[in-house]
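# Geometric and topological summary
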Amino acid sequence: DGEGGPQDLVEARRLYGLAAAQGHALAQFHLGAMLTDGEGGPQDLVEARRLYGLAAAQGHALAQFHLGAMLTDGEGGPQ
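Residues numbered from 1 in each chain as written. Predicted model: local features only at pLDDT ≥ 70, side-chain atom pairs only at ≥ 80, totals over all residues. Heavy atoms only, no water.

## Here's the deal with the pattern of salt bridges
Within the structure shown, the criterion is met by 2 salt bridges. Here Arg14 ties to Glu11 by a salt bridge, and the two come within 2.8 Å at their closest N and O atoms. Here Glu11 and Arg14 lie together in helix H1 (residues 9-21), a separation of 3 residues that amounts to about one turn. Judged by relative accessible area, which is 45%, Arg14 ranks as partly exposed. Classification of Glu11 by relative accessible area gives partly exposed; the value is 29%. (Salt bridge = Lys/Arg side-chain N within 4 Å of Asp/Glu carboxyl O. Helix = DSSP H or I, 4+ residues; strand = E, 2+ residues; numbered from the N terminus. Buried < 20%, exposed > 50% of the residue type's maximum accessible area, 1.4 Å probe, protein only.)

Shown next, in the form of structure tokens:
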């Protein structure tokens with residue numbers, strides 16, 4: 001919530017993107033969440049689902065949960 005300085009969701013999204021591109025599961029999860037909610041830029045459910053899948057494949061349990069929910073609901077791709 002911007003503790004210790006101003007909140008900058010655009011910069012957070014950019015930095016998570018850099019780490020996610022290097023295979024960092026937690027960054028993939030957080031960027032997926034930002035894309036799901038449209039934080040720091042436009043909503044992109046297709047990319048969020050892809051990122052949750054990458055993090056889930058590395059054993060990130062919360063990403064597995066979110067990916068399962070997206071698959072159940074048909075968000076970001078076919079059900």
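Here the narrative resumes.
## A closer look at H1
Here H1 contains 13 residues, and its C-alpha end-to-end distance of 18 Å stays within 8% of the 18 Å for a straight helix at 1.5 Å per residue. You can read the cap of H1 off the contacts: a side-chain oxygen lies 3.4 Å from the backbone nitrogen of Val10, and it is on Asp8. In the segment just after H1, Gly23 is the residue with positive phi, at about 90°. (Expected span 1.5 Å × (residues − 1). Polar contact = N/O pair within 3.5 Å; in protein donor to acceptor, adjacent residues only side chain to side chain.)

## Details of the nonpolar core
Tyr52 and Ala63 are the most contacted members of the largest nonpolar core, which has 14 residues in total. The set of elements that each furnish at least two residues to this core consists of helix H2 (25-37), helix H3 (45-57) and helix H4 (61-73). Residues in contact with Tyr52, not counting those within four places in the same chain, are Phe29, Gly32, Ala33, Thr36, Ala63, His66, Leu67 and Met70. (Core = buried A, V, L, I, M, F, W, Y, C linked by side-chain atoms within 4.5 Å. Contact = heavy atoms within 4.5 Å.)

## Quick word on the packing of aromatic side chains
The full count for this structure, using the stated rule, is 1 aromatic pair. Consider the rings of Phe29 and Tyr52, whose centres lie 5.8 Å apart with planes at 40°: the pair is tilted. Linking Phe29 in helix H2 with Tyr52 in helix H3, this pair joins segments that are 23 residues apart in sequence. Judged by its relative accessible area of 2%, Tyr52 is buried. (Phe/Tyr/Trp six-rings, centres within 6.5 Å; stacked < 30°, edge-to-face > 60°.)

## With respect to the packing of H2 against H3
Where H2 meets H3, the closest approach of the two axes is 8 Å, and the angle between their N-to-C directions is 160°. Taken together, the axes of H2 and H3 are roughly antiparallel relative to one another. As for how H2 packs across H3, the hand of that crossing is left-handed. Contact residues: H2 offers Ala25, Gln28, Phe29, Leu31, Gly32, Ala33, Leu35 and Thr36, while H3 offers Leu45, Glu47, Ala48, Leu51, Tyr52, Leu54 and Ala55. Classifying every residue of the contact of H2 with H3 by side-chain character gives 11 nonpolar, 3 polar and 1 charged. (Axes fitted to C-alpha atoms, helices over the stretch in contact; angles between N-to-C directions. Parallel < 35°, antiparallel > 145°, perpendicular 65-115°, else oblique. Left-handed = near helix turned anticlockwise from the far one by under 90°. Nonpolar A, V, L, I, M, F, W, Y, C, P; charged D, E, K, R; others polar.)

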